[in-house]
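# Residue-level structural notes
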Amino acid sequence: MDNDSQYSGYSYKSSHSRSSRKHRDRRDRHRSKSRDSSSRGDKSVTIQTPGEPLLDAESTRGDDRDDNWGETTTVVTGTSEHSISNEDLTRATKDLEDSTPLQCKRFVGPVLGGCLSFFALITPLAFLILPQVLWRDDLDTCGTPCEGLYVSLAFKLLVLLISSWALFLRPPRATLPRFFVFRCLLMVLVFLFVASYWLFYGVRVLEPREKDYRGIVEYAASLVDALLFIQYLALVLLEVRHLQPAFCLKVVRSADGASKFYNVGHLSIQRAAVWVLDRYYSDFPVYNPALLNLPKSILSKKMTGFKVYSLDENTTNNSTGQSRAMIAAAARRRDNSHNEYYYEEAEMERRIRKRKARLVVAVEEAFTHIKRLHKDEATSSPKHPREEMDPREAAQAIFAPMARAMQKYLRTTRQQAFHSMESIISHLQFCITHNMTPKAFLERYLTPGPTMQYQQQTGGGRQWTLVSEEPVTSALRQGLVFSLRRLDFSLVVTVTPLPFLRLGEEFIDPKSHKFVMRLQSETSV
Amino acid sequence: MAFVPGQPVTAVVERIEIQKLFQGENLILGFSIGGGIDQDPGQNPFSEDKADKGIYVTRISPGGPADVAGLRIGDKIMQVNGWDMTMVTHDHARKKLTKKSEHVVRLLVTRKSLEEVVKHSMGRP
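Computed from a predicted structure; not experimentally measured.

The rules behind the values
- Residues numbered from 1 in each chain as written.
- Chains lettered and ligands numbered in written order.
- Predicted model: local features only at pLDDT ≥ 70, side-chain atom pairs only at ≥ 80, totals over all residues.
- Heavy atoms only, no water.
- Contact = heavy atoms within 4.5 Å.
- Buried area = accessible area lost by both parts, 1.4 Å probe.
- Salt bridge = Lys/Arg side-chain N within 4 Å of Asp/Glu carboxyl O.
- Nonpolar A, V, L, I, M, F, W, Y, C, P; charged D, E, K, R; others polar.
- Pairing = 2+ DSSP bridges.
- Helix = DSSP H or I, 4+ residues; strand = E, 2+ residues; numbered from the N terminus.
- Expected span 1.5 Å × (residues − 1).
- Buried < 20%, exposed > 50% of the residue type's maximum accessible area, 1.4 Å probe, protein only.
- Axes fitted to C-alpha atoms, helices over the stretch in contact; angles between N-to-C directions.
- Core = buried A, V, L, I, M, F, W, Y, C linked by side-chain atoms within 4.5 Å.
- Left-handed = near helix turned anticlockwise from the far one by under 90°.
- Phe/Tyr/Trp six-rings, centres within 6.5 Å; stacked < 30°, edge-to-face > 60°.
- Lys NZ or Arg CZ within 6 Å of the ring centre and 35° of its normal.
- pLDDT = per-residue confidence, 0-100.

Right, let's talk about the interface of chain A and chain B for a bit. Between chain A and chain B, the contact holds nine residues from the first and 18 residues from the second. Both faces combined, the contact of chain A with chain B buries some 1200 Å², and carbon together with sulfur accounts for 49% of it. Ionic pairing is found between E522(A) and R59(B), a salt bridge with its closest N-O pair at 3.9 Å. A breakdown of the residues in the side of chain A that touches chain B according to their chemical character gives three nonpolar, four polar and two charged. Relative to strand β4 (residues 31-34) of chain B, strand β6 (residues 523-524) of chain A runs antiparallel, the two sharing two bridges. The partner of S524(A) across the bridge, within β4(B), is S32(B).

On to helix α11 (residues 337-367) of chain A, then. With 31 residues, α11(A) ought to run about 45 Å at 1.5 Å a step, and its terminal C-alpha atoms sit 44 Å apart, in line with that. What α11(A) keeps buried is the set S337(A), L359(A), A362(A), V363(A), A366(A) and F367(A).

This part is about the sheet that holds strand β5 (residues 490-497) of chain A. Residues and elements named next belong to chain A. Strand order in the open sheet formed by five strands is β2-β1-β5-β4-β3, with antiparallel pairing between adjacent strands. Lying at the two open borders of the sheet, with one neighbouring strand each, are β2 (259-264) and β3 (465-468). Sheet twist, expressed as the average angle between the axes of neighbouring strands with direction ignored, equals 25°. The pairing of strand β4 (residues 481-485) with β5 spans five bridges and is antiparallel.

Another point: the nonpolar core. Residue and element names in this part refer to chain A. By size, the foremost hydrophobic cluster in this structure holds 33 residues, and its most contacted members are F127 and Y213. Going through the elements one at a time, α4 (105-135), α5 (144-168), α6 (181-206) and α7 (213-240) are the ones with two or more residues in this core. With 13 residues, the top contributor of residues to this core is α7. Not counting residues within four places of it along the chain, the set of residues in contact with Y213 comprises L128, P131, Q132, L139, D140, C146 and Y150. In this structure, A246, L267, L484 and F489 belong to the second largest nonpolar core, which totals 26 residues.

Our focus in this paragraph is the packing of α11(A) against helix α14 (residues 438-446) of chain A. The description of two helices packed together rests on the angle between their axes and the distance between the axes. Residue and element names in this part refer to chain A. Interhelical geometry of α11 versus α14 gives an angle of 145° and a closest axis separation of 10 Å. In the packing of α11 onto α14, the handedness of the crossing is right-handed. Listed contacts from α14 to K356, L359, V360, V363, E364 and F367 of α11 are P438, F441, L442 and L446. Along the lines of polarity and charge, the residues of the contact of α11 with α14 split into eight nonpolar, no polar and two charged.

Moving on, we come to the packing of aromatic side chains. All names here are of chain A. Applying the stated criterion across every chain, the model contains 19 aromatic pairs over all chains. Here F200 and Y219 contribute two aromatic rings whose centre-to-centre distance is 5.3 Å and whose plane-to-plane angle is 40°, an arrangement assigned as tilted. In this pair, F200 is assigned in helix α6 and Y219 in helix α7, connecting sequence segments 19 residues apart. The class of Y219 is buried, set by a relative accessible area of 16%. Relative to W464, the ring of Y280 has its centre 5.6 Å away and its plane inclined at 80°; by these criteria the two rings are edge-to-face. Of this pair, Y280 sits in helix α8 (residues 269-283) while W464 sits in the loop between α15 (455-458) and β3, and the two are 184 residues apart along the sequence. Here Y280 falls in the buried class, since its relative accessible area comes to 1%. Judged by its relative accessible area of 14%, W464 falls in the buried class. Aromatic rings pair up to connect F127, F193, Y197, W198, F200, Y201 and Y219 into one cluster. Positioned over the ring face of W275 is R279, at 3.8 Å from the centre of the ring.

Bringing the confidence of the model for chain B into the picture now. Of all residues in chain B, 96% attain a pLDDT of 70 or more, and the chain-wide mean is 88. The ipTM value of the predicted complex is 0.75, and its pTM value is 0.60.

As a further point, take the pattern of salt bridges. All names here are of chain A. Counting across every chain of the model gives 16 salt bridges over all chains. Across the pair D256 and R253 runs a salt bridge, and its minimum N-O distance is 2.9 Å. Owing to a relative accessible area of 38%, D256 belongs among the partly exposed residues under this scheme. In this structure, the salt-bridge partner of E347 is R350, at a minimum N-O distance of 3.3 Å. Taken together, the positions of E347 and R350, both in helix α11 and three residues apart, correspond to about one turn of that helix. Looking at E347, the relative accessible area reads 32%, which means it is partly exposed.

Here it is, written out as structure tokens:
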């Protein structure tokens, strides 16, 4: 199965422009290193365990991990060393699409918006400066009122500048499949405004060389006012309108049924999709394909069904009749697969708990081996020379006793794909530096965290596909269903409106709280 | 019948034996009780001492088994089949009276008039 896609498969498109370049270079280097080492790893001995191909396919990503920590691991490939397995092929195609250059489409929007706003900000200044430059001598002098207007103009421009920086100069976090309607609307509006002002200016001021300078300054001030109002409109449309909750979205992950409910305001489908994905990365437990299916040993019993032979001469209704008969026969036959499932689950539970107990004890013991050295203890007696270690060395020193227990636990809970030895040691170093207890150190491994926690391993941007029957710029409404698809699973989102609340009022006088003993109850016997 | 807390209670009691009657599926005795340590003793119309939390007979259905056996309204029940009734909750008293396995209840009841009768009879000779 080519589902080794969990974390090798996330495409490396980043969402930042400049800082992304650094990330991308680092990641390119990392990726090529992984490709080499994994191809080396493919050539080792294979022992295939039935029912867990996904699990072992992940362990071929040897990357930085030394396979001999704890115990020797087994690696699986589907084929011999001289042919390319399916996994290699999919990995190659994914790498190919990862290495496409940064799309230019992503920058069109912000660049356009930036140019437009720069142009709009420069315009009032241009209105003021051009007459001075071109026909200075003919202008009426305008004293105090103009200077007052200059001051107000300056401050309004400053406010515009600062609020534009605060609101609009943020790096975009997502590229949407269609135009963002409100943003386009606003850009068009700004463009029209500025264009019409320039038109008027050109015709009425530049042509006849208008002498009334004060009128020109007032005109420029009115433009700045108009720009401020457009910015207010932008604030309301882009930032405020969707804050009041109006709909309840149910998000279900198709692979394992993890679900959450969120309240959102009035958004278009694509914006709601971005909103949901933001929440997905921090709320949903990470997708672990190794935990998904019933082991094949249980399901395979069902495969051996009855064979149905029809003794009729005519073969018209054979297929449906046969399949129906088989289904009926399979249903009637008493199967104990639920029994096996139950016992297997119980066994798995027990095993996990046992390994967890060993892990906790090992970690606790390991943490007792080191102690933080305080400044005043630095000069200790020469009889007990203490070797001072920095956190990294300390982490490596105490990692050894707990390595085996850790690895066994990770294997039992099928998490070993998410944690390499390197990552465990760096987490240990982090915990030691911040004086964390063993329990705090283990928190990361005992419960599957949100997807965000595992980001560093793969890094980069995410490719999601929005699948919807309605056009994605239409607004949310009741009964809408859309889904966000990734390579191996999808999130299905259902929209329901929040109920209208009729709030009533009841006043209780605080003096009305009085109590009596219960009346004599009378029971007839 | 006032009782001093901590001192043993003494009272003149009458022994009454009531045969339970089958009414449909249920066994009934034909009277109602009130009182108990979880009830409000001030509401009891029959008790002398308004702090008395004992079990009292509040109503007797005429012609029923209790009426026939001689139970009177206002009686305080001291014991039921040997179980103490002076310091019990209302529900406990009900349970002890309505046990399905017992068809006879032997009550020890006390009332004001009993004391006077005893005083009279003691004063005579």
